[in-house]
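Residues per chain, in single letters:
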Amino acid sequence: GKRAFAFQPADRWFSIWEAEYGLNMIKPNRKYKVPRAVLAQRLRIEWLNVARVRALCWECFKYDPEMENWDQTPVHHNESGSQNVSTLAVAGGNVPLVEGHTDTRKRWTANLVTFSHKERLREQGHPPYCELLFKADGDIILGRIQAHIRSRGYGSWVSVATSAKGSYRIDDVLNFLERHLPYSDRWRTIFGDDLASHKVSPVFNLCWSRKYILVIHGGGSTPVIQTCDTDLNQPVKHAYTAVETVQLLQQLRDGVAVPS
């Protein structure tokens, strides 16, 4: 017959509970790919190069060139197990991992693009072009994936490809640009990251032939300056992980011990 008094849940309750029981949210350590002084130098070089290109275009043609940026990002079979996600553990201890570890290392590659010109996006009525690259040999799997894309009703702005390594080599980069880069009547600037397959003459020449000036991001600068990294990849992976997690939970309900 006594009245029960429950705790009042609030924002600070969880942190107090962690402190009381010696727990915290543990994440792996992160660090810059290059020293900060080198990063600052490379950012300055790229900003100056872009400013020169824009100034030249304005001087000669009286317009500011549009910008596009493409970037390949890996997406793992169990992406929710591959991301830098916190897990509750005893402070100072190791984090146990129980899952299909190999599935967090198998991957396919999403080649995503950002545009600077919003009106162009509105006019074409679909997102910027993109390509999904899967690890496979031969044409059988590629044909199945292409048939699936067609069955979903996607337009030509989405393409799929396969490669033996599951990552972009020079031929794959050229095929991607050949397939998607339009012949422009105005000069545009296009950005790629510091990858060997991006920094070869055929890639520069193909871009130039379609009035695109290729600018390579300095090594280690992409988390700071590349629009795909700063504004696109994270929300895309967040949405993808949400869909994937629903599928993994359904597999568990269906009796799959280690879902993938």
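Rules and cut-offs
- Residues numbered from 1 in each chain as written.
- Predicted model: local features only at pLDDT ≥ 70, side-chain atom pairs only at ≥ 80, totals over all residues.
- Heavy atoms only, no water.
- Helix = DSSP H or I, 4+ residues; strand = E, 2+ residues; numbered from the N terminus.
- Buried < 20%, exposed > 50% of the residue type's maximum accessible area, 1.4 Å probe, protein only.
- Contact = heavy atoms within 4.5 Å.
- Areas by Shrake-Rupley, 256 points an atom, 1.4 Å probe, with all protein chains shown as cover.
- Salt bridge = Lys/Arg side-chain N within 4 Å of Asp/Glu carboxyl O.
- Pairing = 2+ DSSP bridges.
- Axes fitted to C-alpha atoms, helices over the stretch in contact; angles between N-to-C directions.
- Core = buried A, V, L, I, M, F, W, Y, C linked by side-chain atoms within 4.5 Å.
- Phe/Tyr/Trp six-rings, centres within 6.5 Å; stacked < 30°, edge-to-face > 60°.
- Lys NZ or Arg CZ within 6 Å of the ring centre and 35° of its normal.
- Patch = residues over 30% accessible without salt bridge, like charges linked within 9 Å, V, L, I, M, F, W, Y side chains within 5 Å.
- Right-handed = clockwise from strand over helix to strand, strands pointing away.

As a further point, take the overall build of the chain. The helix and strand inventory of the chain stands at nine helices and eight strands. When its C-alpha atoms are laid out on the principal axes, the chain stretches across 85 × 50 × 35 Å. Looking at the 260 residues of the chain, the share that counts as buried comes to 37%. Sequence separation of at least 24 residues holds for 76% of the intrachain contacts in the chain that already meet a minimum separation of 6. Split by element, the accessible area of the chain, about 17,100 Å² in all, is 56% carbon and sulfur.

What follows concerns the pattern of salt bridges. Per the counting criterion, the structure on display carries nine salt bridges. Of the charged contacts, one joins R54 and D64 as a salt bridge, the two residues approaching to 2.5 Å between their closest N and O atoms. Of this pair, R54 sits in helix α2 (residues 36-61) while D64 sits in the loop between α2 and β2 (66-76); the two residues are ten residues apart in sequence, bridging distant segments of the chain.

Further remarks concern the sheet that holds β2. Within the open sheet, the six strands sit side by side as β6-β5-β4-β2-β7-β8. Their pairing is mixed. With one partner strand each, in any of the chains shown, β6 (158-163) and β8 (212-216) form the two edges of the open sheet. When the angles between neighbouring strand axes are averaged without regard to direction, this sheet yields 20°. Relative to strand β5 (residues 130-135), strand β4 (residues 107-115) runs antiparallel, the two being bridged by three bridges. Bridged to A110 within β5 is L132. Docked against the sheet, helix α6 (residues 170-180) engages β2, β4, β5 and β6, running at close to 165° with respect to β6. Against the sheet, helix α9 (residues 227-253) touches β2 and β4, its axis set at about 40° to β2.

In this section: unusual backbone geometry. Despite not being glycine, K62 shows a phi value in the positive range, around 65°. If you trace the backbone, K62 turns up in the loop between α2 and β2. In this structure, K211 takes a positive phi of about 65° despite not being glycine. With respect to the helices and strands, the residue K211 is situated in the loop between α7 (201-209) and β8.

Once that is clear, we can look at the nonpolar core. Generally speaking, a soluble globular protein has its nonpolar side chains buried in company with each other. Ranked by size, the top nonpolar core spans 33 residues in total, and within it W70, Y129, L177, L181, I190 and V203 carry the most contacts. By residue number, the principal contributor to this core is β4, which donates five residues.

What follows deals with the side chain of T109. Note that T109 resides in strand β4. Relative accessible area serves as the criterion here: at 5%, T109 is assigned to the buried category. When residues no more than four places from it in sequence are discounted, the contact partners of T109 are Q72, T73, E131, L132, L133, G166, S167 and Y168.

Another aspect to go through is the packing of aromatic side chains. Under the criterion given, the structure shown has 13 aromatic pairs. Pairing W187 with W208 gives two aromatic rings, centres 4.7 Å apart and planes at 50°, and the pair type is tilted. Of this pair, W187 sits in the loop between α6 and β7 (188-192) while W208 sits in helix α7, and the two are 21 residues apart along the sequence. Residue class for W208 comes out exposed when judged on its relative accessible area of 53%. In this structure, R120 packs its charged tip against the face of F115, placed 4.0 Å from the ring centre.

Here the focus is a nonpolar patch on the surface. On the surface, F7, W13, F14 and M25 cluster together to form a nonpolar patch covering roughly 400 Å² of accessible area. Here M25 lies in strand β1 (residues 23-26).

A few words on the pairing of β8. The buried fraction of β8 is high, at four of five residues. By the bridge criterion, five bridges tie β7 to β8 in an arrangement that is parallel. Its bridge partner lying in β8, T189 is registered against I213. Since β7 and β8 lie parallel, the crossover through α7 that links them has a hand, and here it is right-handed.

By the element assignment, L132 lies in strand β5. L132 sits 114 residues away from V246 along the chain, and the two C-alpha atoms are 22 Å apart. Residues contacting L132, with those up to four places away along its chain left out, are W108, T109, A110, S159, V160 and A161.

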